[in-house]
Protein chains: 2
Amino acid sequence: MNKFALTIHGGAGTILKKNMTQEREASYRKGLEEALKAGYDLLEKGASALEAVLAATVSLEDNALFNAGKGSVFTNDGRQEMDASIMDGKTLMAGAVAAVRNIRNPVQLAYAVMTKSPHVLLIGKGAEEFAGQNGIKTEPDEYFFSQFRYDQLKKMQASGKAALDHNVSADDKASSSETTADRKFGTVGAAACDRYGNIAAATSTGGMTNKQWGRVGDSSIIGSGTYANNKTCAISCTGYGEMFIRAVAAYDVSCLMEYKGITLQDAMNVVVNDKLVKLEGDGGMIGVDATGNAAMLFNSEGMYRGIKNSDGLNEVGIYRELLK
Amino acid sequence: MNKFALTIHGGAGTILKKNMTQEREASYRKGLEEALKAGYDLLEKGASALEAVLAATVSLEDNALFNAGKGSVFTNDGRQEMDASIMDGKTLMAGAVAAVRNIRNPVQLAYAVMTKSPHVLLIGKGAEEFAGQNGIKTEPDEYFFSQFRYDQLKKMQASGKAALDHNVSADDKASSSETTADRKFGTVGAAACDRYGNIAAATSTGGMTNKQWGRVGDSSIIGSGTYANNKTCAISCTGYGEMFIRAVAAYDVSCLMEYKGITLQDAMNVVVNDKLVKLEGDGGMIGVDATGNAAMLFNSEGMYRGIKNSDGLNEVGIYRELLK
């Protein structure tokens, strides 16, 4: 039996302990632990990596703390537009959606695109029509409403800016600690290796607060925000989406492993701490290889993250502290 | 002074000489020659690779023979939805649009996204709004109408299928030679190396006849349909978009060059004739490196293509014949 493992993230960015309340930190840790449990319990019962990343990502989407699904931020016109993708390392099959509205779990829609259509990427109203034809659960606008996110939009509109959930600019650092603590690139994702040595990855996001022009980041782009291949790795990214697209970040890790023969950890280190840094691509990524090794790297102040594996490791983290 | 070169494509697929009329073949060759001239003349005058790929791609978009811009195929609801992307190998800046309507030259909109927004990918109505704010030329539905494309839609709808412009299935091979001759993956693109050693690539498409659900292929995906990096190569792809996305085809060529140290031609050969073939990813790609070498490879029956460089090479091709 292969060692099995699940790793997750809930976004990266300027997340500083000094700006976080104890209650808020506890809520984030609980959310990460719940998502880890949702996916890992399945792996333990013999489910596939694909099922585990779906369950973990759905758990994070259903948690209003994270910018995906229920917790998605508001676009410029006061609604939510979500992106998601999933890839199966065994078959190299992939599915993705961009700019979908009122879908409870965009990652499940991405999975349906992968398994029930000949396509990889569906967008907007067309993707929603496909969702309707395939029994994907929708929710009314109220489900996605939260006063906190709405206040973020109003604040952002007053400042004339768009934000990747909560990236801190120098100006913003003086703002309230409650707001600043949450400033991050809002994305969630999971990567898993199952007992059969198959790997998979998924990513989901509510995008940028106050975004306009139908902007799409890396979360729905296979190769940039998500990639999985049993030969190399399964990766889910979170960060400044435009830079992750220009870096083709997820697939770059895979290529470094395949063509240079380096480890997952070393390959992720090259991409996160060298290539992305040169592009000013703040953020991070999580990943696994097909032998159950996992890695979680970020070049920002913090990344909501967690790992649980069949060797007994079970950890969540937020700041730049070392996990076991 | 660096050797400079421009290479273009107008789509790949089942393009057989026996099914082509002499007139039609002459029209395609003329269209390719015009696009080569449009881009190469600029290179000769000292313009950048970026300007050359823009000019060549615009020329192909304005030609009703090719499935991009004016010649775009009809979606399921009887309109055109176009995708395009462009990338600058010098800066790794990139721009892309997906599912845009009534834009005369989607590649120019992709260029505006790259140069006038902080984003890489804009889609649908939002991208059109951005186009309006940036003086991008629009055209009414009539501009995009052609009886030939409309007949393709009606035929496809009668058969209940969607087609990547004109990929031939076994059933379709019995159809009229005029139709069959044109069955290809409808995409256009260009890659150029200028006298300063900078490279760039661009891709544009009208998508699939009868497509629905907001399907997006590889033409607007940086890393899959388009990629450019002065360190390695500039690539534009054409083919079965879903497989090119799953293969992260354009960036894979770059990684093979960067991490394995192999040539452009050898790297393209691995991706086109091995990796894509294993995924049943019919199609091809064109590319250049920063020393002015160019390559055009395809695993399908044919690819509309052309190359012109400062060594005096000036060739267009359609079938599996060897060019000089």
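Analysis parameters
Residues numbered from 1 in each chain as written. Chains lettered and ligands numbered in written order. Predicted model: local features only at pLDDT ≥ 70, side-chain atom pairs only at ≥ 80, totals over all residues. Heavy atoms only, no water. Helix = DSSP H or I, 4+ residues; strand = E, 2+ residues; numbered from the N terminus. Rg over C-alpha atoms; globule rule 2.2 N^0.38 Å. Buried < 20%, exposed > 50% of the residue type's maximum accessible area, 1.4 Å probe, protein only. Contact = heavy atoms within 4.5 Å. Areas by Shrake-Rupley, 256 points an atom, 1.4 Å probe, with all protein chains shown as cover. Lys, Arg positive; Asp, Glu negative; His and termini not counted. Charge placed at Lys NZ, Arg CZ, Asp CG, Glu CD. Buried area = accessible area lost by both parts, 1.4 Å probe. Salt bridge = Lys/Arg side-chain N within 4 Å of Asp/Glu carboxyl O. Polar contact = N/O pair within 3.5 Å; in protein donor to acceptor, adjacent residues only side chain to side chain. Least-squares fit on C-alpha atoms with pLDDT ≥ 70 in both. Expected span 1.5 Å × (residues − 1). Bend = angle between axes of the 7 residues up to and from the residue. Axes fitted to C-alpha atoms, helices over the stretch in contact; angles between N-to-C directions. Parallel < 35°, antiparallel > 145°, perpendicular 65-115°, else oblique. Left-handed = near helix turned anticlockwise from the far one by under 90°. Nonpolar A, V, L, I, M, F, W, Y, C, P; charged D, E, K, R; others polar. Pairing = 2+ DSSP bridges. Core = buried A, V, L, I, M, F, W, Y, C linked by side-chain atoms within 4.5 Å. pLDDT = per-residue confidence, 0-100.

Quick question: what am I supposed to make of the overall build of chain A here?
Of the regular secondary structure elements, chain A holds 10 helices and 13 strands. Over its C-alpha trace chain A gives a radius of gyration of 18 Å, about what one expects of a compact globule, namely 20 Å for 324 residues. Dimensions of chain A, computed from the C-alpha atoms along their principal axes, are close to 55 × 45 × 35 Å. By residue count, 66% of the 324 residues in chain A fall in the buried class. Contacts in chain A between residues at least 24 apart in sequence constitute 68% of all its contacts with a sequence separation of at least 6. Accessible area of chain A: about 10,900 Å², with a carbon and sulfur share of 50%. Computed over 35 positive and 38 negative side-chain charges, the separation of the two mean positions in chain A equals 1 Å.

Teacher, can you tell me more about the interface of chain A and chain B here?
It is common to report an interface's size as the accessible area lost on association of the parts. The interface of chain A with chain B comprises 44 residues on the first partner and 44 residues on the second. Summed over both sides, the interface of chain A with chain B buries roughly 3,600 Å², with 66% coming from carbon and sulfur. Per-residue buried area on chain A facing chain B is highest for Trp213, Arg246 and Tyr259 of chain A; these three make up 25% of the total on that side. Measuring nitrogen to oxygen at the nearest pair gives 3.4 Å for the salt bridge that ties glutamate 258 of chain A to lysine 275 of chain B. Scanning the region where chain A abuts chain B turns up 22 residue pairs in polar contact (both at pLDDT 80 or more).

Teacher, can you tell me more about the relation of the copies chain A and chain B here?
Mapping one chain copy onto the other needs a rotation about an axis and a shift along that axis. Superposition record for chain A on chain B: RMSD 0.0 Å, screw rotation 180°, translation along axis 0.0 Å. In the structure described here, the two chain copies are related by an operation that fits a two-fold rotation axis. Comparing contact sets, 100% of the residues at the interface of chain A also lie at the interface in chain B, consistent with an isologous, same-surface contact.

Sorry, what's going on with helix 10 (residues 264-278) of chain B here?
Residue pairs spaced three or four apart in an α-helix point in one direction, given the helix's 3.6 residues per turn. Counted at 1.5 Å a residue, the expected span for helix 10 of chain B with its 15 residues is 21 Å, and the 20 Å between its end C-alpha atoms agrees. At valine 271 of chain B, helix 10 of chain B shows its maximal kink, close to 25°. Among all positions of helix 10 of chain B, only Leu264, Ala267, Met268, Val271, Val272, Lys275 and Leu276 of chain B are buried. Contacts made by the buried residues of helix 10 of chain B are with helix 9 (249-260) of chain A together with strand 9 (233-239), helix 8 (241-246), helix 9 (249-260), strand 10 (283-289) and strand 11 (294-298) of chain B. Positive phi shows up at glutamate 280 of chain B, right after helix 10 of chain B, with a value of about 55°.

Which parts of the structure should I look at to understand the packing of helix 9 of chain A against helix 10 (residues 264-278) of chain A?
The geometry of a pair of packed helices is captured by two quantities: the angle between their axes and the separation between those axes. Residues and elements named next belong to chain A. Two numbers describe how helix 9 lies on helix 10: the axes approach to 9 Å, and their chain directions differ by 135°. By the angle between their directions, the pair helix 9 and helix 10 is classed as oblique. When you trace helix 9 past helix 10, the crossing you get is right-handed. When helix 9 is examined against helix 10, the residues Ala249, Asp252, Val253, Leu256 and Met257 are found in contact with a partner set consisting of Leu264, Ala267, Met268, Val270, Val271, Lys275 and Leu276. Partitioning the contact of helix 9 with helix 10 into residue classes produces 10 nonpolar, no polar and 2 charged.

Would you mind showing me how to read the side chain of lysine 211 of chain A here?
All names here are of chain A. Note on placement: lysine 211 falls in the loop between strand 6 (199-205) and strand 7 (215-216). Taking the relative accessible area as the measure of exposure, lysine 211 reaches 3% and is therefore buried. Of the polar contacts made by the side chain of lysine 211, one reaches the side chain of glutamate 81; its length is 3.0 Å.

Honestly, the sheet that holds strand 8 (residues 226-228) of chain B in this entry has me stumped. Any pointers?
Strand-to-strand pairing in sheets goes through backbone hydrogen bonds, with the strands running parallel or antiparallel. Residue and element names in this part refer to chain B. An order of 8-9-10-11 is seen for the 4 strands of this open sheet, with the pairing classed as antiparallel. Every interior strand has two partners, whereas the edge strands, strand 8 and strand 11, have only one. Direction aside, neighbouring strands of the sheet carry axes that sit 10° apart on average. The strands that helix 9 touches are strand 8, strand 9 and strand 10; relative to strand 9, the one it contacts most, it runs at about 145°. Each of strand 9, strand 10 and strand 11 is contacted by helix 10, which is oriented at about 10° to strand 11, the strand it contacts most.

Is there a simple way to explain the pattern of salt bridges in this structure?
Once the charged atoms of two side chains with opposite charge are near each other, the side chains can pair. Residue and element names in this part refer to chain A. Taken as a whole and judged by the stated rule, the model has 33 salt bridges over all chains. With a shortest N-O distance of 4.0 Å, lysine 125 and glutamate 128 are connected by a salt bridge. Of the two residues, lysine 125 and glutamate 128 both sit in helix 4 (residues 124-133), 3 residues apart, roughly one turn of that helix. Between arginine 215 and glutamate 242 there is a salt bridge whose closest N-O contact spans 2.8 Å. One end of the pair, arginine 215, is in strand 7; the other, glutamate 242, is in helix 8 (residues 241-246), and 27 residues separate them in sequence. As far as the burial class goes, arginine 215 and glutamate 242 line up, both buried. By sharing partners, the salt bridges in this structure join Asp77, Glu81, Arg101 and Lys211 into a single network.

Please explain the nonpolar core as it appears in this structure.
Soluble globular proteins: nonpolar side chains tend toward being buried together. Formed by 106 residues in total, the largest nonpolar core has its most connected members in Ile235, Val253 and Met285 of chain A together with Ile235, Val253 and Met285 of chain B. For isoleucine 235 of chain A, the residues in contact, after removing those within four places along its chain, are Ala201, Gly225, Thr226, Tyr227, Ala250, Val253, Leu264, Met268, Met285, Ile286 and Gly287 of chain A.

Sorry if this is basic, but what is going on with the sheet that holds strand 13 (residues 314-317) of chain B here?
In space, the 9 strands of this open sheet follow the order 7(A)-4(B)-3(B)-2(B)-6(B)-5(B)-1(B)-12(B)-13(B), with mixed pairing throughout. Single-partner strands in this sheet number two, and they are strand 7 of chain A together with strand 13 of chain B. Relative to strand 6 (residues 199-205) of chain B, strand 2 (residues 82-88) of chain B runs antiparallel, the two being bridged by 6 bridges. For methionine 87 of chain B, the partnering residue across the bridge sits in strand 6 of chain B and is alanine 201 of chain B. Lying on the sheet, helix 1 (residues 22-44) of chain B is in contact with strand 1 (5-13), strand 5 (188-193), strand 12 (302-309) and strand 13 of chain B; it crosses strand 1 of chain B at an angle near 150°. Against the sheet, helix 3 (residues 106-116) of chain B touches strand 2, strand 3 (93-100), strand 4 (121-123) and strand 6 of chain B, its axis set at about 135° to strand 3 of chain B.

Please clarify how the confidence of the model for chain A should be interpreted in this entry.
Residue and element names in this part refer to chain A. The share of residues in chain A with pLDDT of 70 or more is 92%, and the mean pLDDT across the chain is 92. In the predicted structure, residues 166-183 sits below a pLDDT of 50 and forms 46 contacts with residues beyond four places in sequence or in another chain. Scored by ipTM, the complex comes to 0.93, with pTM at 0.94.

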